[in-house]
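Close look at the chain arrangement
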Amino acid sequence: MVGGMVQSYGYPGAGSAGTTSQIVSRAVAAAAANNHHSGRKSGRTSKRYSVSAFYSMAAEQDNEVEDELAQAQRRLRDLKSKISAQSKKNFVLERDVRYLDSRIALLIQNRIALSEQNEMAAHFEEHGEGDSDSYPDDRKIQLFGNIFFILQSEPRHIATLCRLVSLSEIDSLLQTVMFTLYGNQYESREEHLLLTMFQNVLAAQFETSTEFGSLLRANTPVSRMMTTYTRRGPGQAYLKSVLSEKINSLVEHKDLNLEINPLKVYEQMVAQVEHDSGHLPPDMPRSVTPEIAASNPNVQAIIQPRLKMLMEIAESFLTTIIASTDNVPYGIRWICKQIRSLTKRKSPNASEFSVCSMIGGFFFLRFINPAIVTPRAYMLMENVPNKHPRRTLTLIAKMLQNLANRPSYAKESYMLPTNPFVESNKQRINKFLNELCEVSDFYESLEMDQYMALSKKDIVLNITLNEIYSTQSLVLQHLDTLAPKEKDHIRILANEIGPGISQVSRKENKTIELPLFSRWEVPIQDLTTALMSENNITQNDILYMETKAIYVQLIRSLPHLAATSQTLDLDYIAETAATTKDPQLVRKGIKVKDMLRELEDAGIIDHRDRYKLLVEEITQELTHLGNLKEKVVQELDSLEGVYKTIIDHNTYLRGQLESYKAYLQNVRIQSGGEKATKNSVGIGVQVDGVSKKSRNVPTQQGPVKFTHGQLEKDGVISESTVPESRRANIFFSITAPLPGTFIIAMHFKGREKAILEMDLKLDDLLEKQQDNVELLDLEYVRLNVSKILNLLNKTFVIRQK
């Protein structure tokens, strides 16, 4: 029975009564150990509480029951697992896109050598799709399993590596740490170990830092690590729920210009006057100093109402963020708590404002503001905002940052007029930042989780070969710091593994299941007797909890039993279960009747008061599980939205890579750096493959036809001036006569000649995307640049694979 509950915590299944008892004992030992080490409570109350807590946790995860709660929990576990896996895929894709963004810009300007083009091409290969047998042997798999168990369960080692690596090495280490070693983003043990690692890193950072002010603001491996942590599933879900609606409603006002930099306002004013009248008046020079621009009466008249509106918008953003305290993910709040604690320890005389400034340096600078400034990258909207809303979002982020920090207007004096917003909200923001820190610690539950992990037989990491090899390389590189003594476990394992193994190609970079275990850990079974005697856990305590747990199972399996009367009739419930047609319930019913008698003989419960204490505890557990079901369903709804967003972002990133891949291949084909083949084809290039001679001759592709309605539905047509009544008769045909060249023709059904034709070049489209130009004007319709690129990818590249 409890074997089933405990099994979901990682214990092996119970095969006999003796095994069940052993499992229960181990479960109780884990709970007792947790309680013993916390040192906060003592006596029978704390012991009962500790053991009760374990059974309650086990009931929540009970996989012997198949009610609505169990089904919802299973769906939730699957969904969380998918989010964790997909987050890692997106992190890897974002790294590729970030690298290629800069290279494509140079390629468009013809400023990149053929050797660099080859290096870029390597970034388009899929991971782990090659046929090579590049694979560690069984002995090395065991050794790596040992070393990764130590790295995972003793976070101080990873913390040391994060401080020692260079900025160029940090991304690959972060991939391994955030998305593999502690990749299960919703599993308490991994999350708490990761946070412990953060505590180690931050403590060392505070200890060694001389520049107190820039501690969390400089671009260091530690700050990059903190930013990456906020991009995991829980942080992403929070940003979407709190900021998405505010940002999207602001971005809808595409022409709302709230620029308050006098120099830029003056330049825009000059351009407008010149556009309207064709010339500039003599008293309006084309270029002036910032001081002259700021003193210009017309500029002041333009800025004043903008300033008022800007502060109102910033105020509404701030109010929304402050109201969301309870929704901020636990891990982010806990990091804020550590920053506050470390700041006070480092500088006991620091003012409240200075302490809050440090917390704000993480919460706003590393978490909130990047999402406000680049909402597309944070999956808060589908497209990059237009020029004016983009600038407004940047100004709002600056105001929030000035509010969270001690503002300095030396470099941006034009922000000085926003200071009333800062002054009027100082107390509010300090209160909010302090409230963020008010979360409990997790040390007790982590201790229990660690005890559970010791008896797990199936801790595995899904890890790529290159993640293993790059981590091994870093461990060897910094071995003297990580494991200075000969008998240190990491040094022993590193020596046994031998010299570092070279990275494999992306195609050979397979993902493997690495079983984790430790040859040095004492199995939990050996600790049971000692822990039980230390905590005075008796066999009767175990019997009581097991009886309660079986009753909870029976009522969840036969819910009508709880609805028959106001007070639970334990004798009736046991008898009913024992006479059902389900053999498992029959066994439990008979067993629990015997257990009730044993407890009564021991004087723990009494049938004359209808087992009052036990009934109360069972009722409380059922109420808790009922409330838990509501929470699980709510969390499911929320996370399904997050998962969809992450999948959409993955599609966008893949589309971006396809655009870059096609363009690079076109360039290489045209420059003779690559022959056109079926495996290497740019947009608009069809390869016949009939003979060697014809293989290099591209032939026209298309036309491919799309209706106006189809392109509008897919978001390719963003705006249209075609009358509604005629749209059903409009279609577009796209042909690709040459590599990277397309002809889009707009037709009216029944007419042979096109209404309009336009040539599009792939490099022009990519350049527009690089410059954040969202729309392409085709006279009657305006096309979304990203969506038309995606359409061309799907139509002229992906289709041929």
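Residues numbered from 1 in each chain as written. Predicted model: local features only at pLDDT ≥ 70, side-chain atom pairs only at ≥ 80, totals over all residues. Heavy atoms only, no water.

1. Regarding the confidence of the model for the protein chain
Where we set the bar: The score called pLDDT rates the predictor's confidence residue by residue, from a low of 0 to a high of 100. In this description, contact between two residues means that some pair of their heavy atoms is separated by no more than 4.5 Å.
This prediction gives the protein chain a mean pLDDT of 77; 76% of its residues lie at or above 70. Counted against residues more than four places away or in other chains, residues 1-51, with its pLDDT under 50, gives 115 contacts.

2. Topic: the pattern of salt bridges
The following threshold applies: The term salt bridge refers to a pairing of a side-chain nitrogen on Lys or Arg with a carboxyl oxygen on Asp or Glu at a separation within 4 Å. Secondary structure elements are defined from DSSP: runs of H or I of at least 4 residues count as helices, runs of E of at least 2 residues count as strands, and each element is numbered from the N terminus. Relative accessible area decides the class of each residue, using a 1.4 Å probe on protein chains only: under 20% of the type maximum gives buried, over 50% gives exposed, and in between gives partly exposed.
Inspection of the entire model under this criterion finds 27 salt bridges. Close ionic contact of Lys88 with Glu467 constitutes a salt bridge, the shortest N to O distance being 2.9 Å. Of this pair, Lys88 sits in helix 4 (residues 68-108) while Glu467 sits in helix 20 (residues 465-477), and the two are 379 residues apart along the sequence. Lys591 is the partner of Glu546 in a salt bridge, and the nearest nitrogen-oxygen pair spans 3.2 Å. Of this pair, Glu546 sits in helix 24 (residues 539-557) while Lys591 sits in helix 27 (residues 583-601), and the two are 45 residues apart along the sequence. Its relative accessible area of 35% is what places Lys591 among the partly exposed residues. By sharing partners, the salt bridges in this structure join Lys254, Glu719 and Arg782 into a single network.

3. Regarding the sheet that holds strand 7 (residues 756-761)
Condition: Two strands qualify as a pair provided DSSP detects at least 2 bridges between them. To obtain each axis, a line is fitted to C-alpha atoms, and for helices this fit is confined to the stretch in contact; angles are then taken between N-to-C directions over 0 to 180 degrees.
With respect to topology, four strands assemble into an open sheet ordered 3-5-6-7, the strand pairing being antiparallel. Looking along the sheet, the strands with just one partner apiece sit at the ends: strand 3 (701-707) and strand 7. Strand-to-strand twist in this sheet, taken as the mean axis angle between neighbours without regard to direction, amounts to 20°. Of the strand pairs in this sheet, strand 5 (residues 730-738) and strand 6 (residues 741-748) are connected by seven bridges, and their pairing is antiparallel. In the sheet register, Leu738 faces strand 6, and the bridge partner there is Thr741.

4. Some details on unusual backbone geometry
We note that Met379 has phi near 65°; this positive angle belongs to a residue other than glycine. On the secondary structure map, Met379 appears in the loop between helix 16 (352-373) and helix 17 (387-404). On the basis of relative accessible area, Met379 is assigned to the buried category, the value being 9%. Of note, Tyr611 is a non-glycine position whose phi angle comes to about 55°, a positive value. Residue placement: Tyr611 occurs in the loop between helix 27 and helix 28 (612-670). Residue classification places Tyr611 among the buried residues on the basis of a relative accessible area of 7%.

5. Comments concerning the state of the cysteines
This is how it is decided: Disulfides are defined as pairs of cysteine sulfur atoms found within 2.5 Å of each other.
For the structure on display, the rule yields zero disulfides. Just so you know, Cys336 is unpaired, no disulfide at all, and the nearest cysteine sulfur is the one on Cys437, 5.5 Å from it. Under the relative-accessibility criterion, Cys336 is labelled buried at 0%.

6. Quick word on the nonpolar core
Rules: Think of a nonpolar core as a cluster: buried Ala, Val, Leu, Ile, Met, Phe, Trp, Tyr and Cys residues, connected wherever their side-chain atoms sit within 4.5 Å.
Core analysis: the largest hydrophobic core is formed by 122 residues, its most contacted members being Phe148, Leu243, Ile321, Phe363, Phe364 and Ile368. Non-local contacts of Phe148, meaning those with residues more than four positions away in its chain, are made with Thr176, Leu181, Leu461, Ile463, Glu467, Ile468, Thr471, Leu514 and Leu516. Core analysis: the next-biggest nonpolar cluster, separate from the first, contains 40 residues, Leu69, Ala72, Leu570 and Ile618 among them.

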